[in-house]
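Here are the chains, one letter per residue:
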Protein chains: 2
Amino acid sequence: MDKISISKATLGRIPGYLDFLRSLSPQKVPYISATTISKELNLGEVQVRKDLAMVSGAGKPRLGYEIEFLIERLEDCLGRNKITLAVLVGAGKLGRALLQYDGFQQFGVKIAAAFDLREKTMSIDSATPILPMEQFDLFCKEHNICIGIITVGEGSAQQVCDRMVESGITAIWNFAPCKLQVPSGVLLQNEHLALSLAHLRNQMSQD
Amino acid sequence: MDKISISKATLGRIPGYLDFLRSLSPQKVPYISATTISKELNLGEVQVRKDLAMVSGAGKPRLGYEIEFLIERLEDCLGRNKITLAVLVGAGKLGRALLQYDGFQQFGVKIAAAFDLREKTMSIDSATPILPMEQFDLFCKEHNICIGIITVGEGSAQQVCDRMVESGITAIWNFAPCKLQVPSGVLLQNEHLALSLAHLRNQMSQD
């Protein structure tokens with residue numbers, strides 16, 4: 001069940017591979033070639049070979065990849081057999097949008113709860129509870145939370161980040177448009193939406 | 001007012017440079033060195049020199065950068081003197097979160113209107129109007145819209161994308177978790193949030 005070092009681009013193609021492979025009947029034809037996969041999914045054959053090599057090693061000469069084994073390996077990459085739990089702090093518009101986004105589960109991550117600095121309880125049309133910050137540390141420890149998502153404003157982001165680190169979180173996905181300090185050993189991934197849009201605008205003006 | 005080819009990382013540091021430079025009094029001391037900037041902003045000096053070289057060329061020997069000129073050039077990079085208008089299609093949770101996010105303006109992009117496939121009018125606590133799709137093409141042409149933001153679901157994303165291209169939009173920022181086909185000459189930037197989270201999870205499990 002070890003996860004494999006794969007690029008974000010490869011990771012993004014895995015759900016497509018899985019959907020296709022699951023539509024086959026490995027009882028009848030147990031192997032499939034990279035050529036067939038690449039034609040079916042309209043991808044370059046070299047890319048398919050590289051992706052699959054990262055995930056499950058090379059195919060067998062003249063046979064290709066064993067479909068059932070490949071499906072298992074691809075599922076492992078997505079962590080489908082071992083859901084990773086995350087918490088989110090900041091149940092504003094963006095936080096709620098993420099809570100109601102149902103695309104995370106297919107990549108093996110589930111937001112177990114959201115927390116908010118301001119209000120004790122909030123009604124929301126989502127299955128995920130929104131809890132007061134007083135319960136944060138205990139919840140993270142009890143549920144063995146590894147990932148923290150920061151959707152508070154710039155002013156509270158560092159404080160929330162510190163609290164996450166103290167509660168044992170080792171990977172932080174930050175949407176606040178500011179630099180955060182994390183101790184070594186904690187992964188930080190910034191999602192600066194305004195910057196992405198500005199970058200698109202600047203690329204456009206090159207044409 | 002030409003925009004300059006700068007990396008996303010450099011772009012992200014520009015608001016910080018600007019805040020600092022604007023706090024100075026160029027009437028008294030018209031020049032500043034890369035060393036001073038790097039110390040003040042806690043950045044590497046080499047990085048500061050690279051960033052500023054991209055934006056305004058090298059500083060003058062023994063004097064440094066002329067502050068007022070540097071501010072102007074940095075502002076040009078952010079497009080602050082020429083706001084680029086965008087429209088958003090899909091006024092669901094994520095779309096509304098983006099509408100109410102106030103970080104875009106500092107990077108010179110403004111969401112002029114949102115459109116929704118389902119409802120004719122919607123109440124929202126935002127200054128940006130939410131309009132029915134029937135008005136889309138005319139609005140884009142009248143306001144000379146260059147950027148389209150897609151926050152509809154996977155099922156309608158290609159249709160919305162096509163409509164944007166037909167309306168003269170040349171840069172698309174796509175949040176739907178699917179591959180879109182755009183003609184050559186149209187920029188497409190995908191923001192696959194689930195994939196970003198999955199990538200963070202996978203990096204974590206390498207440790």
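Student: Is there a simple way to think about the relation of the copies chain A and chain B in this case?
Tutor: The relation between the two copies of this chain is a rotation about an axis and a shift parallel to it. Superposing chain A onto chain B takes a rotation of 180° plus a shift of 0.0 Å along the axis, which leaves an RMSD of 0.1 Å. Look at the turn and shift together and you get a two-fold axis relating the two.

Student: I'm lost on the sheet that holds strand β4 (residues 109-116) of chain B in this one. Help?
Tutor: Neighbouring strands of a sheet are bound in pairs by backbone hydrogen bonds; such pairs are parallel or else antiparallel. Strand order in the open sheet made by the 6 strands is β5-β4-β3-β6-β7-β8 (chain B), with parallel pairing throughout. Of all strands in the sheet, those bounded by a partner on one side alone are β5 (130-132) and β8 (187-190) of chain B. Mean inter-strand twist for the sheet, computed between neighbouring axes without regard to direction, equals 25°. As paired strands, strand β7 (residues 171-174) of chain B and β8(B) are joined by 4 bridges and run parallel to one another. Note that in β8(B) the partner of B:Asn174 across the bridge is B:Asn190. The strands that helix α8 (residues 193-204) of chain A touches are β3 (84-89), β4, β6 (147-150), β7 and β8 of chain B; relative to β8(B), the one it contacts most, it runs at about 165°.

Student: Looking at this structure, how should I read the environment of B:Trp173?
Tutor: Of note, B:Trp173 is situated in strand β7. By relative accessible area, which is 0% here, B:Trp173 ends up buried. Taking the C-alpha atoms as reference points, B:Trp173 and B:Phe104, 69 residues apart in sequence, are found 13 Å from one another. Ignoring any residue separated from it by four or fewer positions in sequence, one finds B:Trp173 in contact with A:Leu193, A:Ser196, A:Leu197, A:Leu200, B:Phe104, B:Gly148, B:Ile149, B:Ile150, B:Gln189 and B:Glu191.

Student: What exactly am I supposed to notice about the packing of aromatic side chains here?
Tutor: The description of an aromatic ring pair rests on the distance of the ring centres and on the angle between the ring planes. All names here are of chain B. Within the structure shown, the criterion is met by 10 aromatic pairs over all chains. Pairing Phe-104 with Trp-173 gives two aromatic rings, centres 6.0 Å apart and planes at 85°, and the pair type is edge-to-face. In this pair, Phe-104 is assigned in the loop between α5 (93-99) and β4 and Trp-173 in strand β7, connecting sequence segments 69 residues apart. On the basis of relative accessibility, which here comes to 4%, the residue Phe-104 falls in the buried class.

Thresholds, definitions, all that
- Residues numbered from 1 in each chain as written.
- Chains lettered and ligands numbered in written order.
- Predicted model: local features only at pLDDT ≥ 70, side-chain atom pairs only at ≥ 80, totals over all residues.
- Heavy atoms only, no water.
- Least-squares fit on C-alpha atoms with pLDDT ≥ 70 in both.
- Pairing = 2+ DSSP bridges.
- Helix = DSSP H or I, 4+ residues; strand = E, 2+ residues; numbered from the N terminus.
- Axes fitted to C-alpha atoms, helices over the stretch in contact; angles between N-to-C directions.
- Contact = heavy atoms within 4.5 Å.
- Buried < 20%, exposed > 50% of the residue type's maximum accessible area, 1.4 Å probe, protein only.
- Phe/Tyr/Trp six-rings, centres within 6.5 Å; stacked < 30°, edge-to-face > 60°.

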